[in-house]
Amino acid sequence: MAIQVKRVKKGSAAFKSGLRAGCVLYKADDHELCDMLDYEFYTAKERFLLEFEQAGKRQSVWVQKGEYEPFGCDFETYLIDKQHSCKNKCIFCFVDQLPCGMRKSLYFKDDDERLSFLFGNYITLTNLSRRELDRIKQMHISPINVSVHTVDPALRVQMMKNRFAGNVLPLLQELAAAGIELNCQLVLCRGINDGAYLAQSMEELCRLFPAVQSVAAVPIGLTAYRDGLPNLTPYDKESAGAVIDQMEAFGEIMLKKHKKRIVYPSDEWYLQAGRPMPPASFYDGYPQLDNGVGMWRKFYDEFMDELEKPHRVKLPCRADTVTGVSAYPLIAELCKAAAKKYPPIRVRVHRVENRFFGGNVTVTGLLTGTDIIAQCEGRLKSRRLLLPSTTLRAEQDLFLDDISLTEFSQKLGVLTQVVPQDGGAFCRMLLGGEA
């Protein structure tokens, strides 16, 4: 394998070693360089032997540099090679349920172990080569986030439509034996991998503690675009409550045995069941916050802690804010608490239904610019709109439906202020301050 260099930074160790744009890197200390992980890991040392090709000539050079000092090469893409795509056809896959008209990148299904390590993405382990698996262990790439869904081999093959999917438990055991920390996810489908299968998954995964640090269960998300896809039944109040009871009971056993629950239901279960959220202590430091586990509790506590501090309200203090259906009770409660303590505050909370996706999609992070505009136009009471950052992509400039933040603000005639996913920041912005 080899990787081609696009640019070499002047003054860098690579430049001083004679490398120039267009050269090809082959090996560092006899280790093949195939992608970004190989490049970063094997060029981190103070001294290594680099094999490369320049102007058609293959050569070697000893590189001397500071330990962990960047070597100095830039490449065509961040990962250097292509992003690994998913080879499964999961019966619950959310990407398969997307309507037309969204950003092209949203239709790509990634299943890349490098992105799991770098950005916390979840992978299924079904497309790992032996080289990639050994590299995770050798480089000690940890933690890794794994979409498990079930440890039953036959059921996992059935759910993921991949004949290699049943090998997940041996792979997890191999990674655990190598000291790799793992966070596991179970997307539960009603009547399919819950009940006895959920019990089996929790038991087998928790046997791998402390390598398995956490196991989160989330309910399937079903949009209105499921033509030709398997018929799945959404959870209701009773069935969601049953999942909570099962997981909390098992978590109590783990708490007594390991001093942490390990298994956690996501916030959606409590909202669906109409039950209060657990206290912060329940979540053991929020190991799966990005998976919607404890997000409600953390946001609430951050907000109320900030509200207890002395603030000077910047008048006039009027604003509108938007939220999805599931988070509406929380946001409405927090805004009410702020207005009670600081009467000059006037905030209107707009509960926005997800008509773009339909189905049982109610989370704020999947709201589109189209839905917010359609349901808020003419109803805003101020010229300032507090917009949750989760509705925008990472660059904070585009909604899921490709509407820009600038276009959005112009159509509603407001100054849009993006609110970080932090309760304290939301409180400060409500009071007219900065995040």
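Everything here concerns the structure above.
Read on for a plain summary of the structure. Quick caveat, the model's predicted, so the values are computed rather than measured.

Considering helix 4 (residues 130-139)
One turn of an α-helix holds 3.6 residues; hence residues three or four places apart share an orientation.
Okay, step 1: Among the residues making up helix 4, those that are buried are Glu132, Leu133, Arg135, Ile136 and Met139. For helix 4, the angular spread of the buried residues around the axis is 160°, confining them to a single face.

Some points on the sheet that holds strand 10 (residues 182-188)
Okay, step 1: In space, the 5 strands of this open sheet follow the order 8-9-10-11-12, with parallel pairing throughout. The open sheet terminates on both sides in strands that have one partner only, identified here as strand 8 (122-123) and strand 12 (263-265).
Okay, step 2: Set on the sheet, helix 7 (residues 196-206) makes contact with strand 10, strand 11 (212-219) and strand 12; between it and strand 10 the angle comes to about 175°.

A short note on the pattern of salt bridges
Okay, step 1: According to the stated counting rule, one finds 27 salt bridges in the structure shown.
Okay, step 2: We note a salt bridge from aspartate 29 to lysine 45, for which the minimum N-O separation is 2.5 Å. Here lysine 45 lies in the loop between helix 2 (36-42) and strand 5 (47-54) and aspartate 29 lies in the loop between strand 3 (24-28) and strand 4 (31-32), a separation of 16 residues in the sequence.
Okay, step 3: Given the relative accessible area of 23%, aspartate 29 is considered partly exposed.
Okay, step 4: A salt bridge links glutamate 407 to lysine 411; the shortest N-O distance between them is 3.4 Å. A residue pair is termed a helical-turn pair when its members lie 3 or 4 positions apart in one helix, as glutamate 407 and lysine 411 do in helix 13 (residues 405-412) at 4 residues.
Okay, step 5: Glutamate 407 gets classed as partly exposed once you look at its relative accessible area, which sits at 31%.

Points about the packing of aromatic side chains
Okay, step 1: Per the stated rule, a full pass over the model turns up 14 aromatic pairs.
Okay, step 2: The interplanar angle of 75° and the centroid separation of 5.1 Å between the aromatic rings of phenylalanine 282 and tyrosine 283 together place this pair among those described as edge-to-face.
Okay, step 3: Of the aromatic side chains, those joined through ring pairs into one cluster are Tyr39, Phe48, Phe71 and Phe75.
Okay, step 4: Here the basic side chain of arginine 47 rests over the ring of tryptophan 62, its NZ or CZ set 4.2 Å away from the ring centre.
Okay, step 5: Of note, arginine 58 hangs over the ring of tyrosine 26, and the distance from its end group to the ring centre comes to 3.6 Å.

A few points about the environment of lysine 16
Okay, step 1: Mapped onto the fold, lysine 16 is located in helix 1 (residues 13-16).
Okay, step 2: In the structure, lysine 16 is positioned 177 residues away from asparagine 193 in sequence and 57 Å away in space, judged by C-alpha atoms.

Reading the values: the criteria
- Residues numbered from 1 in each chain as written.
- Predicted model: local features only at pLDDT ≥ 70, side-chain atom pairs only at ≥ 80, totals over all residues.
- Heavy atoms only, no water.
- Buried < 20%, exposed > 50% of the residue type's maximum accessible area, 1.4 Å probe, protein only.
- Helix = DSSP H or I, 4+ residues; strand = E, 2+ residues; numbered from the N terminus.
- Arc of directions from axis to C-beta.
- Pairing = 2+ DSSP bridges.
- Contact = heavy atoms within 4.5 Å.
- Axes fitted to C-alpha atoms, helices over the stretch in contact; angles between N-to-C directions.
- Salt bridge = Lys/Arg side-chain N within 4 Å of Asp/Glu carboxyl O.
- Phe/Tyr/Trp six-rings, centres within 6.5 Å; stacked < 30°, edge-to-face > 60°.
- Lys NZ or Arg CZ within 6 Å of the ring centre and 35° of its normal.

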